[in-house]
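Reading the structure
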Amino acid sequence: MILPAIGLARRWPPDAQRRRSRLRDLHRPQRGIIPEIRDGGLTLVDWLLAVLPIAMILVLLVGFRWGAARAGAAGWLTAAAVASLHFGAGPQLLAFAQAKALLLSLDVLLIVWAAFLLFRVSDEAGGIRTIGALLPRLTTDRAMQAMLIGWIFASFLQGVGGFGVPVAVTAPLLIGAGFSPLAAMVIPSIGHGWAVTFGSLASSFQALLAATNLPGELLAAPAAILLGFCGVATGFLVAHAAEGLPAIRRLALPIILIGVTMAAAQLMLASAGLWNIAGFGGGIAGLLIALPLARRYRQMGDEGKQGKPDRSAIWIALSGYLALLVITLGVQLTPVIRETLGSWGLRIWFPALRTSQGFATAAGYGRIIYPLTHAGASLGLAALIAYLVARRRGVLGAGAGGRIVGSTVRRVSSSSLSIIILLGMAVIMAHAGMTEILAQGLAQGVGHLFPLASAWIGGLGAFMTGSNTNSNVLFALLQQRTAGLLGISVPWILAAQTAGGAIGSVIAPTKIVVGSATAGMAGKEGSVLRALLPSTGILLGLISLALWLILRIG
Amino acid sequence: MKMTNKPSSETTFRRERFLFLLISVAAAGLYAAANLEIGWAQVVLLLITALCMLAALLQK
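Basis of the calculations
Residues numbered from 1 in each chain as written. Chains lettered and ligands numbered in written order. Predicted model: local features only at pLDDT ≥ 70, side-chain atom pairs only at ≥ 80, totals over all residues. Heavy atoms only, no water. Helix = DSSP H or I, 4+ residues; strand = E, 2+ residues; numbered from the N terminus. Buried < 20%, exposed > 50% of the residue type's maximum accessible area, 1.4 Å probe, protein only. Contact = heavy atoms within 4.5 Å. Areas by Shrake-Rupley, 256 points an atom, 1.4 Å probe, with all protein chains shown as cover. pLDDT = per-residue confidence, 0-100. Axes fitted to C-alpha atoms, helices over the stretch in contact; angles between N-to-C directions. Parallel < 35°, antiparallel > 145°, perpendicular 65-115°, else oblique. Left-handed = near helix turned anticlockwise from the far one by under 90°. Nonpolar A, V, L, I, M, F, W, Y, C, P; charged D, E, K, R; others polar. Expected span 1.5 Å × (residues − 1). Bend = angle between axes of the 7 residues up to and from the residue. Core = buried A, V, L, I, M, F, W, Y, C linked by side-chain atoms within 4.5 Å. Salt bridge = Lys/Arg side-chain N within 4 Å of Asp/Glu carboxyl O.

Re the overall build of chain A
Within chain A, the regular secondary structure consists of 23 helices and 5 strands. Looking at chain A residue by residue over its 554 residues, the buried ones come to 58%. Taking all contacts inside chain A whose residues are at least 6 apart in sequence as the whole, residues at least 24 apart take part in 80%. Accessible area for chain A stands at about 20,700 Å²; split by element, carbon and sulfur atoms hold 66% of it.

Structure (structure tokens):
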């Protein structure tokens, strides 16, 4: 009998040493692994059956326009059936796989729930509306207005909220500033995409870590670099969407300044291990540099149009995020606090598993969750502080607490179900050897052109499933294995996966539907999608090109 | 391209929440059953999970 091994356990001292050694191994080329893993056993039937769950999700989402949870359930059932009937996965393997998926889901969902709770507190306090109303008054240059609202403010909102909030909030503001409904929908959609991975307090990035079981220190910098390229390019695309080529020529310098500042802030925070506030930090840095720059693009005689901003409302709106900043920095930068709080983790032991065909998964702990240093705990505490500040200042109406919690639960219920289903499918596929077979097929099929395809696979996953998070859950393991088999740097391929997922999520039907509803474009989603496709294609192409060059140089 | 624009109704929300909770509880039970090597419990809980998936699949 295998004894259960669940509990709050102290972090092992050798962890750091093992992690460092693992980081070195993952960056090292791993050529010649293919014959060692599977010696000539890959058949077309195996590969087609392994790809069936993913193909089914793709067809149901795109062809039949089902939601992610519904299509994911079909994928789960297919994966479980194929794993049992063809790949020899027994009930015990399926049982442990589903339990492991629950642990991974908990790790991701704690952040998703707490991040949206924090956003709802700030929104309920009225501060987000105040900031949004202030921005158009800073400049009369229409392209600069589009950049301020649709690129920088939308990126900030993605950093703090996500879940379709950036487009839903900024599209009406752009319409109020005189943009057409289509432009008001397209500009923030393009504008916030680069901030998705580290936005929503890095819930997509956390999903990448959960799916691959790799440390964040390894993946954060490559992902932030590829997304940084996209961030700068996004500025040009937004200016072009607002006023065409003349705007690009006129605003090239501020676009580069703002874009590089936001990308650098995100990169620095992510590289320092503060990835859950990297998107937020990038947005704040963008606002700080863009506000004085915008004033330079104000036409003569406009001074009188400027009203005084309600500073109190802005500070109340930002109080939760400032609290988050202090908590995160305090925990990460103070070794005593970090080690004390991080010394307890929820770890669950999983035994070695083997299919009847011989595919083995080593024994080990599932995702270890450190409750006191988890990003979800920091977010929850920040939300509580923001609520208390807003309540003390009297800006919350009657029943605000109930509305905040109620809307949070309602908003995250669908995505929670999607995540647990998709993670279940992904873990079953991994434990049954299906992901391995898919990776081998891809490695043999596209060979060393695989880096060019990585971002597009991530983008396709996000388009299919409606989110960068779901795309990472679905495809990260596949990309990881394929890169390993081909001897390509795993961190860079995973960076392309999540960067592609971030950009691809912009054109996901679910996001377009939410944004269109607020921009008065309901029923015209096809027009929005068509308008977004060229920009999305350019950004995905840019990621592929940047990755190709980096791998060639590196 | 036509896309559906149907906000999550109260029924859908309740069903999603219920399915999420049931799948979570079943997964926790699956861990216990697999650890204790109780074969029938594993099969029953896997069937419950599969039924949850079927329910999610059939929702509109």
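There's plenty left to go through after this.
Focus: the confidence of the model for chain A
Residue and element names in this part refer to chain A. Confidence in the prediction for chain A averages 82 pLDDT; 86% of positions are at 70 or higher. When pLDDT is averaged over each element of chain A, helix α21 (residues 490-504) comes out on top at 95 and helix α2 (residues 34-37) at the bottom at 34. pLDDT under 50 marks residues 1-5. Its contacts with residues more than four places away, or in other chains, come to 13 contacts. Across residues 8-40 the pLDDT falls below 50, and counting only partners more than four positions away or on other chains, this stretch makes 51 contacts in the model.

Section: the environment of Ala495 of chain A
Residue and element names in this part refer to chain A. By secondary structure assignment, the location of Ala495 is in helix α21. Taking the relative accessible area as the measure of exposure, Ala495 reaches 1% and is therefore buried. C-alpha of Ala495 to C-alpha of Gly458: the two residues are 37 residues apart in sequence and 9.6 Å apart in space. In contact with Ala495, other than residues within four places in its own chain, are Pro222, Ala223 and Leu226.

Quick word on the packing of helix α4 (residues 68-85) of chain A against helix α2 (residues 39-58) of chain B
Interaxial distance between α4 of chain A and α2 of chain B falls to 7 Å at its minimum, and their mutual angle equals 140 degrees. The orientation of α4 of chain A relative to α2 of chain B falls into the category oblique. α2 of chain B is crossed by α4 of chain A, and the crossing has left-handed handedness. Of α2 of chain B, the residues touching α4 of chain A (which contributes Ala69, Arg70, Ala73, Ala74, Trp76 and Leu77 of chain A) are Thr49, Ala50, Met53, Leu54, Ala56, Leu57 and Leu58 of chain B. In terms of residue class, the contact of α4 of chain A with α2 of chain B is built from 11 nonpolar, 1 polar and 1 charged.

As for the packing of helix α11 (residues 216-243) of chain A against α21 of chain A
All names here are of chain A. Interhelical geometry of α11 versus α21 gives an angle of 45 degrees and a closest axis separation of 8 Å. In this view, α11 runs oblique relative to α21, as classed from their interaxial angle. The handedness of the crossing between α11 and α21 is right-handed. Between α11 and α21, the contacting residues are Leu218, Leu219, Pro222, Ala223, Ile225, Leu226, Leu227 and Cys230 on the first element and Pro491, Trp492, Leu494, Ala495, Ala496, Thr498, Ala499, Ala502 and Ile503 on the second.

Considerations on helix α3 (residues 44-63) of chain A
Side chains three or four residues apart in an α-helix point the same way, a direct result of the helix having 3.6 residues per turn. Residue and element names in this part refer to chain A. Taking 1.5 Å of rise per residue, 20 residues should cover 28 Å, yet α3 covers just 25 Å from first to last C-alpha, more than 12% shy of that figure. In the structure, α3 departs most strongly from a straight axis at Leu52, where the bend amounts to approximately 45 degrees and where the proline Pro53 lies between one and four residues downstream. Taken from the residues just after α3, Arg65 is the one with a positive phi, measuring 55 degrees.

Things to note about the nonpolar core
All names here are of chain A. Counting 188 residues, the largest nonpolar core has Met147, Trp151, Phe198, Phe205, Ile421 and Ile543 as its most contacted members. Considering each element in turn, this core owes the most residues, 19 residues, to helix α5 (residues 91-124). Not counting chain neighbours up to four residues away, the residues in contact with Trp151 comprise Ala146, Gly191, Trp194, Gly231, Thr234, Gly235, Val238, Ile255, Ile258, Gly259 and Met262. Residues Ala125, Ile316, Ala390 and Ala400 belong to the second largest nonpolar core, which totals 5 residues.

Notes on the side chain of Thr361 of chain A
Tracing the backbone shows Thr361 of chain A in strand β4 (residues 360-361). Among all residues touching Thr361 of chain A, those that are not within four sequence positions of it are Lys100, Ala352, Leu353 and His431 of chain A.

Section: the pattern of salt bridges
All names here are of chain A. By the definition in use, this model includes 8 salt bridges over all chains. Taking the shortest distance from any N to any O, the salt bridge between Arg120 and Asp123 comes out at 3.5 Å. In this pair, Arg120 and Asp123 are both assigned in helix α5, 3 residues apart and thus about one turn of the helix distant. Residue class for Arg120 comes out buried when judged on its relative accessible area of 11%. The partner of Arg120 in a salt bridge is Glu124, and the shortest N-O contact between them spans 2.8 Å. One end of the pair is Arg120 and the other is Glu124, both in helix α5 and 4 residues apart, which spans about a single turn. Each of the two residues, Arg120 as well as Glu124, counts as buried.

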